[in-house]
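So the chains spell out like this:
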Amino acid sequence: MSPRTRDCGGRRRTVTDHRRPRRRGQGELEALVLSALREADGPATAGWVQEHLGGDLAYTTVITILTRLLEKGAVDRERVGRSFAWTAASDQAGLAARKMRKVLDSESDRSAVLASFVTGLDAEDERLLRTLLGHTPDAGDG
């Protein structure tokens, strides 16, 4: 919030910008918290995470994000005194993979979901997937 001056009928007045900062989405906040935990030298408290992120998030918001990440299996926690210390259980790619598995598990026709997913891949992603699965395309494969 930076003050500006405005000419009001020959007099200059200071005007403060009261617009709220851009609201971040849940996924973005989760990514920030996970990143902070990965940068820690070991298990970190919610207070440390809050401080590491610049202190612009409320402590309760940090706790809420950490709890959601715990439910998703993305972080682990251990009791330290009366609070908890948190560690990242997976990186951003691992979290995305968990989301993909959760969607796949929620569908009754796994085969159709996987087939639709694979046919929607671009050529480079398809090659990467084949490599990861240990399949090298034959001369006749497209």
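Attention in this report is confined to the structure presented alongside it. (Residues numbered from 1 in each chain as written. Predicted model: local features only at pLDDT ≥ 70, side-chain atom pairs only at ≥ 80, totals over all residues. Heavy atoms only, no water.)

## Examining the environment of L114
At step 1: Structurally, L114 can be placed in helix α5 (residues 110-119).
At step 2: On the accessibility criterion, L114 (42% relative accessible area) is partly exposed.
At step 3: Sequence separation between L114 and L104 is 10 residues; the distance between their C-alpha atoms is 7.9 Å. (Helix = DSSP H or I, 4+ residues; strand = E, 2+ residues; numbered from the N terminus. Buried < 20%, exposed > 50% of the residue type's maximum accessible area, 1.4 Å probe, protein only.)

## Overview of the pattern of salt bridges
At step 1: Per the counting criterion, the structure on display carries four salt bridges.
At step 2: Across the pair K72 and E30 runs a salt bridge, and its minimum N-O distance is 2.9 Å. Taken together, the residues span a long stretch of sequence, with K72 in the loop between α3 (59-71) and β3 (75-80) and E30 in helix α1 (residues 26-39) at a distance of 42 residues.
At step 3: In this structure, the salt-bridge partner of E124 is R127, at a minimum N-O distance of 3.1 Å. With a gap of three residues between them, E124 and R127 both fall in helix α6 (residues 123-132), about one helical turn apart. (Salt bridge = Lys/Arg side-chain N within 4 Å of Asp/Glu carboxyl O.)

## Description of the packing of aromatic side chains
At step 1: Per the counting criterion, the structure on display carries one aromatic pair.
At step 2: Sitting over the ring of F84, R77 keeps its end group 4.0 Å from the ring centre. (Phe/Tyr/Trp six-rings, centres within 6.5 Å; stacked < 30°, edge-to-face > 60°. Lys NZ or Arg CZ within 6 Å of the ring centre and 35° of its normal.)

## Digging into the nonpolar core
At step 1: V33, L37, V49, L66 and L69 are the most contacted members of the largest nonpolar core, which has 18 residues in total.
At step 2: If you list the elements that add at least two residues to this core, you get α1, α2 (46-52) and α3.
At step 3: In contact with V49, not counting residues within four places along its chain, are V33, A36, L37, A44 and V62. (Core = buried A, V, L, I, M, F, W, Y, C linked by side-chain atoms within 4.5 Å. Contact = heavy atoms within 4.5 Å.)

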